[in-house]
Amino acid sequence: MAYLVSHPDEVKVISRRFGKGATAIDRYLELDGYQAVRKALEMGPEGIISEMKASNLRGRGGAGFPTGMKWSFVPKESAKPKYVLCNGDESEPGTCKDRLIFEQDPHAVIEGVMIAAIAIGSHSGYIYIRGEYRYLSEIMQKALADAYAKGFLGKNIFGSGYDLDIYWHGGAGAYEVGEESALMESLEGKRGVPRIKPPFPAVVGLWGGPTVINNAETLATVPHIILMGGQKYAGLGTPRNGGTRLFCLSGHVAKPGVYELPMGYNLKEMIYEVGGGIANGRKLKAVVPGGSSVPVLKADEIDVAMDFDSLMKAGSMLGSGGVIILDDQTCIVKFALRTMRFYRHESCGWCIPCREGTDWLEKTLQRFHNGGGVAKDIDNMKYLAENMLGRTFCPLGDAAAMPTIAFVEKFRDEFEDHLEGRPCPFEKSGAERPVMVEAH
Ligand SMILES: Cc1cc2nc3c(=O)[nH]c(=O)nc-3n(C[C@H](O)[C@H](O)[C@H](O)COP(=O)(O)O)c2cc1C
Ligand code: SF4
């Protein structure tokens, strides 16, 4: 059971049922549960999609694509069945929000999938949960069984004449399967490697049918939008970045946790007000603002609004909402190494720039951190990462390259401090805590 945090600046929309026993379907019903789907059935597909467009909700899985627009791309007529997929693979380091939704408010995910299905004319949905979240699958499966038992799923839902089935599916624990097309391969029982795009899932997706795939938080937000109205939801955030989102504060922050804050909330305030500042009275060195795959920000770059557009302007990305805080005792070379070790491990190996690039980068960073680096390694790492960018089948290659380039560009001095066989200055200075785990 997760420990829930709270702060007065929070605006609780998605998290408003957290800690209130909403996993039990009767309690969920007391808390307005399954009202939105009834309303959606009356609104019909066009009404739902226009409300979603008005909400300015952008996907919470990482790329920030406008949800209403994504749904509108699905063809109205299709010879093949259409599908809705809930992406609950949540594997981006620093991201731990979907987990909380599955644990605290699983019916909101189901209701979100239902509304998406009605919007695009689909009669089958899947909730795909990462392998390591096996413990949450029981909660999710029970929630689905309870919804069936009440007659909310299956034939003729709410007496509307509309049939809708939703299935749970567990992953096997691969980051790459969070990528939408790899997730579809996995659901179809194949190895989880991505598909070439185009065609995009909205046209040719699961089993060749038009498919909407959304992140679990995106879908759990949908019932709230339908109930409160798109415009009201949009007004909680900034222009083009509607509403609130769950921000996951982790690392060297005094009060880590998942906080729901308006889009556009200032990052500095998020760290110092909401997160209580840097743990153990230390100083801030850097922040990775959107999960491990986005470029790092230096301590003097954090006076920025946390929305997709502002962070893009600041040279980083909002990504999956994982805000990783690094204090002044953190060795950036070691952090870059730990990050690359993850991507090397998770590369599916299908294309060469990613498979070989992540391996080379990890080995170089490891040698560098061990004191075996030479000056030209620094530029070579940047050059290698730059040559991975945009040259891989799926964005995992970019996800490995982008942070590496930023680490080298912004913390070159720390790389230079490791040269000529010098031991890591941070380990030498006697930082008491182990910053990273070395073992593979
Ligand atoms: C390597 C990789 C891993 C991803 N992992 C996830 C994930 O765990 N969860 C997620 O929702 N999206 C993940 N995505 C993004 C999905 O491909 C997709 O954009 C997203 O599910 C769309 O939902 P949204 O529009 O609601 O954000 C990943 C993308 C890549 C390239
Ligand atoms: S970029 Fe990496 S994860 Fe994506 S297809 Fe290529 S090898 Fe696989």
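About the thresholds
- Residue positions are given per chain, counting from 1 as you read along its sequence in written order.
- All chains are assigned letters beginning with A, and all ligands numbers beginning with 1, in the order in which they are written.
- Predicted model: local features are reported for residues with pLDDT of at least 70 only, side-chain atom pairs are reported and counted for 80 or more only, and whole-chain, interface and lining totals are derived from all residues.
- Excluding hydrogens and water, the side-chain figures rest on all heavy atoms present in the structure.
- Under the DSSP-based scheme used, a helix requires at least four consecutive residues in state H or I and a strand at least two consecutive residues in state E, with every element numbered from the N terminus.
- With the radius of gyration taken over C-alpha atoms, the globule rule is written as 2.2 Å times the number of residues to the power 0.38.
- Exposure classes here rest on a 1.4 Å probe applied to the protein chains alone. A residue is buried below 20% of its type maximum, exposed above 50%, and partly exposed in between.
- Contacts: residue pairs with any heavy atoms within 4.5 Å of one another.
- Residue exposure ignores everything except the shown protein chains as possible cover, and the areas themselves are Shrake-Rupley values with a 1.4 Å probe.
- Note on terminology: near, applied to a residue and a molecule or strand, indicates that one of the residue's heavy atoms is within 4 Å of it.
- Lining residues are those with an atom within 4 Å of a point, where the points come from a 1 Å grid over the protein atoms alone and group into cavities, where a 1.4 Å probe fits but cannot get out, or pockets, open sets with protein on both sides within 12 Å along at least five of seven lines.
- Molecules are considered to sit inside a cavity or pocket once more than half of their atoms lie within 2 Å of its grid points.
- Only Asp, Glu, Lys and Arg are considered charged, only Ala, Val, Leu, Ile, Met, Phe, Trp, Tyr, Cys and Pro nonpolar, and every remaining residue, Gly among them, polar.
- One speaks of a salt bridge when a side-chain nitrogen belonging to Lys or Arg is within 4 Å of a carboxyl oxygen belonging to Asp or Glu.
- By definition, two strands form a pair when at least two bridges between them are found by DSSP.
- Axis lines are fitted through C-alpha atoms, for helices just across the contact stretch, and the angle between N-to-C directions can take any value from 0 to 180 degrees.
- Within this scheme, the nonpolar core is defined by two criteria: the residues are buried Ala, Val, Leu, Ile, Met, Phe, Trp, Tyr or Cys, and they are joined through side-chain atoms within 4.5 Å.
- Two aromatic rings, drawn from Phe, Tyr or Trp (for Trp, its six-membered ring), form a pair once their centres lie within 6.5 Å of each other, and the interplanar angle then sorts them: stacked below 30 degrees, edge-to-face above 60, tilted otherwise.
- Criterion for a charge above a ring: Lys NZ or Arg CZ within 6 Å of the ring centre, and within 35 degrees of the ring normal.

**Student:** Quick question: what am I supposed to make of the overall build of the chain here?
**Tutor:** The number of helices and strands found in the chain is 17 helices and nine strands. Expected size for 440 residues packed as a compact globule is a radius of gyration near 22 Å; at 22 Å, the chain falls within 12% of this value. The dimensions of the chain, computed from C-alpha atoms along their principal axes, are 75 × 45 × 35 Å. Per-residue burial over the chain gives 57% buried out of 440 residues. Pairs at least 24 residues apart make up 71% of the contacts formed inside the chain by residues separated by at least 6 positions. For the chain, the exposed area adds up to about 17600 Å²; of that, 54% sits on carbon and sulfur atoms.

**Student:** Hey, could you run me through the site of ligand 2 in this one?
**Tutor:** Close to ligand 2 lie 13 residues, the nearest being Cys348, Trp350, Cys351, Cys354 and Cys394. Put simply, ligand 2 lies in the largest cavity. Here the shell around ligand 2 is composed, by residue class, of eight nonpolar, four polar and one charged.

**Student:** Just checking my understanding: could you explain the pattern of salt bridges for this structure?
**Tutor:** A side chain with one charge can pair with a side chain of the opposite charge if their charged atoms come near. Under the defined criterion, the tally for this structure stands at 32 salt bridges. In this structure, Arg17 and Asp105 form a salt bridge, with 3.0 Å as the shortest nitrogen-oxygen distance. Taken together, the residues span a long stretch of sequence, with Arg17 in the segment before helix 1 (25-30) and Asp105 in the loop between helix 4 (98-104) and helix 5 (106-120) at a distance of 88 residues. Like Arg17, the residue Asp105 is buried in the burial classification. For the salt bridge of Arg412 with Glu416, the shortest nitrogen-to-oxygen distance reads 3.4 Å.

**Student:** Looking at this model, I keep getting lost on the environment of Ala54. Mind explaining?
**Tutor:** Structurally, Ala54 can be placed in helix 2 (residues 35-55). Judged by relative accessible area, which is 30%, Ala54 ranks as partly exposed. For the pair Ala54 and Asp89, spaced 35 residues apart in sequence, the C-alpha to C-alpha distance is 28 Å. Leaving out residues up to four positions away in the same chain, Ala54 has contacts with Gly230, Gln231 and Ala234.

**Student:** For this particular structure, what's the right way to read the pairing of strand 7 (residues 284-288)?
**Tutor:** Remark: a regular strand shows side chains that alternate across the two faces of the sheet. With five of five residues buried, strand 7 is to be regarded as a mostly interior element. Both strand 7 and strand 9 (residues 322-327) contribute to a ladder of four bridges, which runs antiparallel. Bridge pairing links Val288 to Ile324 in strand 9.

**Student:** Just checking my understanding: could you explain the sheet that holds strand 8 (residues 297-298) for this structure?
**Tutor:** For sheets, the rule is that strands pair by backbone hydrogen bonds, running either parallel or antiparallel. Strand order in this open sheet of five strands is 6-5-9-7-8, and the pairing throughout is mixed. Lying at the two open borders of the sheet, with one neighbouring strand each, are strand 6 (257-262) and strand 8.

**Student:** What's the story with the sheet that holds strand 4 (residues 211-215) in this structure? I'm lost.
**Tutor:** Spatially, the four strands line up as an open sheet ordered 3-2-1-4, and their pairing is parallel. The sheet is open, and its two edges are formed by strand 3 (165-170) and strand 4, each paired on a single side. Averaged over all pairs of adjacent strands, the angle between strand axes in this sheet comes to 20 degrees, irrespective of strand direction. Most of the contacts of helix 8 (residues 216-228) go to strand 4, to which it runs at about 95 degrees, and overall it touches strand 1 (83-88) and strand 4.

**Student:** Got a minute to help me understand the nonpolar core in this structure?
**Tutor:** Burial of nonpolar side chains together is a common tendency in soluble globular proteins. Within the largest apolar cluster, 59 residues are counted, with the highest numbers of intra-cluster contacts made by Trp71, Ile110 and Ile127. At 11 residues, the largest contribution of residues to this core is made by helix 5. Setting aside its immediate chain neighbours within four residues, Ile127 contacts Cys86, Phe102, Val109, Ile110, Val113, Met140, Ile166, Tyr167, Trp168 and His169. Core analysis: the next-biggest nonpolar cluster, separate from the first, contains 40 residues, Ile324, Phe368, Cys424 and Phe426 among them.

**Student:** I tried to follow the packing of aromatic side chains on my own but got confused; where do I start?
**Tutor:** When we look at a pair of aromatic rings, we describe it by the centre distance and by the angle of the planes. Enumeration over the complete set of coordinates arrives at 15 aromatic pairs. Considering the side-chain rings of Phe342 and Tyr343, the 5.1 Å spacing of their centres and the 80 degrees angle between planes classify their relative orientation as edge-to-face. Residue class for Tyr343 comes out buried when judged on its relative accessible area of 0%. Clustering of aromatic rings is evident, with ring pairs tying together Tyr28, Tyr34, Phe152 and Phe158. Its end group placed over the ring of Tyr133, Arg130 keeps NZ or CZ at 5.1 Å from the ring centre. Directly above the ring of Phe411 sits Lys298, whose terminal nitrogen or CZ lies 5.3 Å from the centroid.

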